[in-house]
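# Understanding the architecture of this molecule
Here is how the chains run, residue by residue.
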Amino acid sequence: MKKSRTFRKSFVVAIAALCLAAPLAVMPVQVETSYADGAETTTTTYKAYQIFSGTLDGDNVLGDIKWGVAVNLSDEEALKNAIKQIPGFGDISDAKSVAKVLGTTNDNSDVAKSFAKVIEKFVITNNGEEVEADKESTVNKGAGYYLVRTETVAENDVRTSFILEVVNSTINFTTKNASPTVVKKVMENTDVSDYSGSYLNYNDVADYNIGDKVPFLLEATLPTKATDFDSYSAYYLRFTDTLANGLTVDASSIKIFVNGTEVTTSPYNVHKDISGQTLIVTIEDVNALDGVSAGSKIAVKYDAKLNSDAVIGGAGNENAVYLEYSNNPNYDYNPKTNGPNAGDGVTNPETPKDQNNPTEEETFPETPDVPNDNPSDDTPKEDNTGKTPTDKVIVFTYQIDITKYLESATAGNEASAGLAGFQLTKMVGSDTYVAILDSNRKLVRWEKATIGEDEKITNANSEIKTDSDGKVCFIGVDEGTYTIIESTTPNGYNTLEPKTITITADTRDTGSTNGINVNDLRQTWNGADPASVLASLSCEGAVPDKSNGSVAMEIINNRGSSLPSTGGIGTTIFYLGGGTMAAVAGVYLITKKRMKNEEDDEI
């Protein structure tokens, strides 16, 4: 495969200065390789290939120069033709003449870099010798001029730029940090972290209501040294962000930032894709974005809705991001020709920085197709990217459980289905808002309360009736202060006075979790053991259970008193008094009549 390549002075390929006298004298210089997070990874390996052989004297002068044992000479004409395409090598005929041209160039010259990239295509992998970074490694092929390249690279590591160095019997090269990093943060709507800069108001842990908009931040930091970052012809980044089932991305909210400034244009090489619970943001070449340089921070901000599938309490709703990035500075990566969207008809409205226009006076020709048993430049795209470890955040939500009893909180006294009803309210400033719920008693949203003529809240879908066990649940609430209102009272029972409760969720405590002080978990959770992040859940007058995120309470209705009617002393006494008076009157009339009859007999 042919690739157009423009080389720049800023590339980090170091080559020994070849000062040709007769014989050839060479000054050894080192090229540094890179590791993520400052630590060497054992799965990254290197080999040294003898390009030139010769004899080395005490002044480090290489004489009697011939092609080394690692150079594939099965088609020597193809090798020489490839080298001749590099400016200045038009008259070469053998190894000695090639070394002569190299000896006239400066350290880190484009000519030296181009030679390293061409000769790498002709090395015989089996003739390379394994070497280690940051220590002396013995080479057994003898004195000569060697090329060092990365053979295998750890997932979160980067390849070294090609190294050219004069060697007697040992070789040494140095490691340094050059991989990007990525973090994910979630904005906390109540507990604001004390981060400054990019993470202001963002944490690793937050809690929300179901139905709330939850803001997220993904932030990549590019390699901090220009010699690392500028060694790439183009630099690829891809954020892969996986959300819990309880979160739904708002596609319209996705925004890209460079060093805190929003990217308002639409560069050809930025792609945003959502598939199920995965958000992928691909930047084919960050150099196409204004203001990018070594150490720049590339951020993705977006909102996601906490939905009805959210886990309540427990392990919460965990989310994770990882970053894929260019890790091979020797790969002639061009997003328009060999990028993931190459050939899709997308045009480039703006030429990416330093991609197609040379910054030096020399423009190097296309690299020719050459024999090669392990060509790094023709390696598939995915083999030229690294991958960071994942970074995680977690979002919690909770529920209020009520059991309604009649007379006393004992089994058998639970209110029957539909006998009582409740509403949940909260204050937003001076306004009362009421929870609107779905048929599964999960929060849909908070709605400003509408008050009817009877002073009751009339918002639709705001009341929950007791089930057959006398239970009522409000599922998916944030920590905070709420008021429980009995909106429907069983006949013959007294209505409960509104009850105010406060739910407190604490992820900060004394001690440590996985080596991290729990006081800092909101800001610095490392993604381990999510069920331990919720340190405690509390609510006065309720029984909390952090495993299921609930605060449970009992509400008892008492029967009303039997009271007399107003304006009299009752009817029973009148019934009794009237009967007695009638009986007395009867006796009187009978007695009076009998006495009258006796008087008549005497006359």
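Residues numbered from 1 in each chain as written. Predicted model: local features only at pLDDT ≥ 70, side-chain atom pairs only at ≥ 80, totals over all residues. Heavy atoms only, no water.

## Notes on the overall build of the protein
Secondary structure assignment for the protein yields six helices and 38 strands. Buried positions account for 49% of the 603 residues belonging to the protein. Intrachain contacts of the protein at a sequence separation of at least 6 include 74% that bridge at least 24 residues. Carbon and sulfur atoms form 48% of the exposed surface of the protein, whose accessible area is close to 27800 Å². (Helix = DSSP H or I, 4+ residues; strand = E, 2+ residues; numbered from the N terminus. Buried < 20%, exposed > 50% of the residue type's maximum accessible area, 1.4 Å probe, protein only. Contact = heavy atoms within 4.5 Å. Areas by Shrake-Rupley, 256 points an atom, 1.4 Å probe, with all protein chains shown as cover.)

## Re the nonpolar core
Side chains that are nonpolar tend, in soluble globular proteins, to be buried together. One finds Phe216, Leu237, Tyr302 and Ile400 to be the most contacted residues of the largest nonpolar core, which totals 75 residues. Those residues within four positions of tyrosine 302 in sequence are excluded, and the remaining contacts are Lys184, Val214, Pro215, Phe216, Leu218, Asp241, Leu243, Val249, Ser253, Ile254 and Leu279. Of all hydrophobic cores here, the second largest spans 32 residues; its members include Tyr49, Leu62, Ile83 and Ala95. (Core = buried A, V, L, I, M, F, W, Y, C linked by side-chain atoms within 4.5 Å.)

## Remarks on the packing of aromatic side chains
This model, assessed by the stated rule, comprises 10 aromatic pairs. Look at tyrosine 331 and tyrosine 333: their rings are 6.4 Å apart centre to centre, the planes differ by 15 degrees, and that puts the pair in the stacked class. For tyrosine 333, a relative accessible area of 4% translates into the label buried. Ring geometry for tryptophan 446 and tyrosine 482: centres 5.7 Å apart, planes at 15 degrees, overall stacked. With tryptophan 446 in strand S29 (residues 443–448) and tyrosine 482 in strand S32 (residues 480–488), this pair connects stretches of sequence that are 36 residues apart. The exposure class of tryptophan 446 is buried, given its relative accessible area of 14%. Taken together, the ring pairs connect Phe52, Trp67, Phe89, Phe115 and Tyr145 into an aromatic cluster. Stacked on the ring of phenylalanine 216, the Lys or Arg lysine 184 has its end atom at 4.7 Å from the ring centre. (Phe/Tyr/Trp six-rings, centres within 6.5 Å; stacked < 30°, edge-to-face > 60°. Lys NZ or Arg CZ within 6 Å of the ring centre and 35° of its normal.)

## Overview of the confidence of the model for the protein
For the protein, per-residue confidence averages 78 on the pLDDT scale, and residues scoring 70 or more make up 72% of the total. No element of the protein has a lower mean pLDDT than strand S2 (residues 24–27), at 34, and none a higher one than strand S17 (residues 247–249), at 97. Counted against residues more than four places away or in other chains, residues 191–196, with its pLDDT under 50, gives 15 contacts. Here residues 509–521 is a poorly scored stretch, pLDDT under 50, and it has 29 contacts once near neighbours within four places are set aside; other chains count. (pLDDT = per-residue confidence, 0-100.)

## Section: helix H3 (residues 110–119)
H3 sits mainly inside the fold: 10 of its 10 residues count as buried. By the burial criterion, the buried members of H3 are Asp110, Val111, Ala112, Lys113, Ser114, Phe115, Ala116, Lys117, Val118 and Ile119. Buried residues along H3 sit in contact with strand S4 (45–56), strand S5 (61–67), helix H1 (76–84), helix H2 (95–102), strand S8 (144–152) and strand S9 (163–167).

## Structural notes on the pattern of salt bridges
Summed over the entire model, instances satisfying the criterion amount to 14 salt bridges. For aspartate 64, the salt bridge is made with lysine 66, and the minimal N-O distance between the two is 2.8 Å. On the basis of relative accessible area, aspartate 64 is assigned to the exposed category, the value being 53%. Residue class for lysine 66 comes out partly exposed when judged on its relative accessible area of 44%. Across the pair arginine 445 and glutamate 447 runs a salt bridge whose closest N-O atoms are separated by 2.9 Å. Taking relative accessible area as the criterion, arginine 445 reaches 41% and is therefore assigned partly exposed. One salt-bridge network, in which partners are shared between bridges, spans Glu120, Arg149 and Glu151. (Salt bridge = Lys/Arg side-chain N within 4 Å of Asp/Glu carboxyl O.)

## Quick notes on the environment of leucine 102
In this structure, leucine 102 sits in helix H2. For the pair leucine 102 and alanine 112, spaced 10 residues apart in the sequence, the C-alpha separation amounts to 6.7 Å.

## Some remarks on the pairing of strand S16 (residues 237–242)
For S16 and strand S21 (residues 278–283), the ladder comprises six bridges, and the chain directions are antiparallel. Within S21, the position partnered with threonine 240 by the bridge is isoleucine 280. Examined bridge by bridge, S16 and strand S23 (residues 317–326) share six bridges and lie antiparallel to one another. Across the sheet, arginine 238 pairs through a bridge with glutamate 324, a residue of S23. (Pairing = 2+ DSSP bridges.)

## Structural notes on unusual backbone geometry
One non-glycine residue, aspartate 64, lies in the positive phi region at around 55 degrees. Structurally, aspartate 64 is set in strand S5. Phi is positive for arginine 441, close to 65 degrees, though the residue is something other than glycine. Its place among the elements puts arginine 441 in the loop between strand S28 (431–437) and S29.

## With respect to the side chain of lysine 117
The residue lysine 117 is located in helix H3 in this model. A relative accessible area of 7% places lysine 117 in the buried class. Polar contacts involving the side chain of lysine 117 include one to the side chain of aspartate 332, which spans 3.5 Å. (Polar contact = N/O pair within 3.5 Å; in protein donor to acceptor, adjacent residues only side chain to side chain.)

## Points about H1
Since the α-helix advances by 3.6 residues per turn, residues separated by three or four positions end up pointing in the same direction. Among the residues making up H1, those that are buried are Ala78, Leu79, Lys80, Ala82 and Ile83. In the core, the buried residues of H1 are packed alongside S5, H2 and H3.

## Side note on the sheet that holds strand S31 (residues 471–477)
Spatial strand order, S31-S26-S38-S37: four strands in an open sheet with mixed pairing. In this open sheet, the two strands that pair with only one neighbour each are S31 and strand S37 (543–545). Across this sheet, the average inter-strand angle for adjacent strands is 20 degrees, counted without regard to direction. As judged from the six bridges shared by strand S26 (residues 398–406) and S31, these two strands associate in the antiparallel manner. From the neighbouring strand, isoleucine 402 faces S31, where its bridge partner is valine 472. (Axes fitted to C-alpha atoms, helices over the stretch in contact; angles between N-to-C directions.)

## Thoughts on the pairing of strand S33 (residues 499–506)
Note: S32 against S33, five bridges, orientation antiparallel. Note on S33: the bridge partner recorded for threonine 481 is threonine 502. Where S33 meets strand S36 (residues 536–538), three bridges bridge the pair, whose relative direction is antiparallel. Along S36, the bridge assignment pairs threonine 504 with serine 538.

## Details of the environment of leucine 323
Along the chain, leucine 323 falls in strand S23. Separated by 68 residues in sequence, leucine 323 and aspartate 391 have C-alpha atoms that sit 9.5 Å apart. Beyond its immediate stretch of four places on either side in the chain, leucine 323 contacts Pro180, Thr181, Val182, Ala220, Leu237, Arg238, Phe239, Gly386, Lys387 and Thr388.

## Here's the deal with the environment of aspartate 285
Structurally, aspartate 285 is set in the loop between S21 and strand S22 (297–306). For the pair aspartate 285 and asparagine 269, spaced 16 residues apart in sequence, the C-alpha to C-alpha distance is 6.6 Å. Engagement of the side chain of aspartate 285 in a polar contact is seen with the backbone nitrogen of tyrosine 235, the distance being 3.0 Å.

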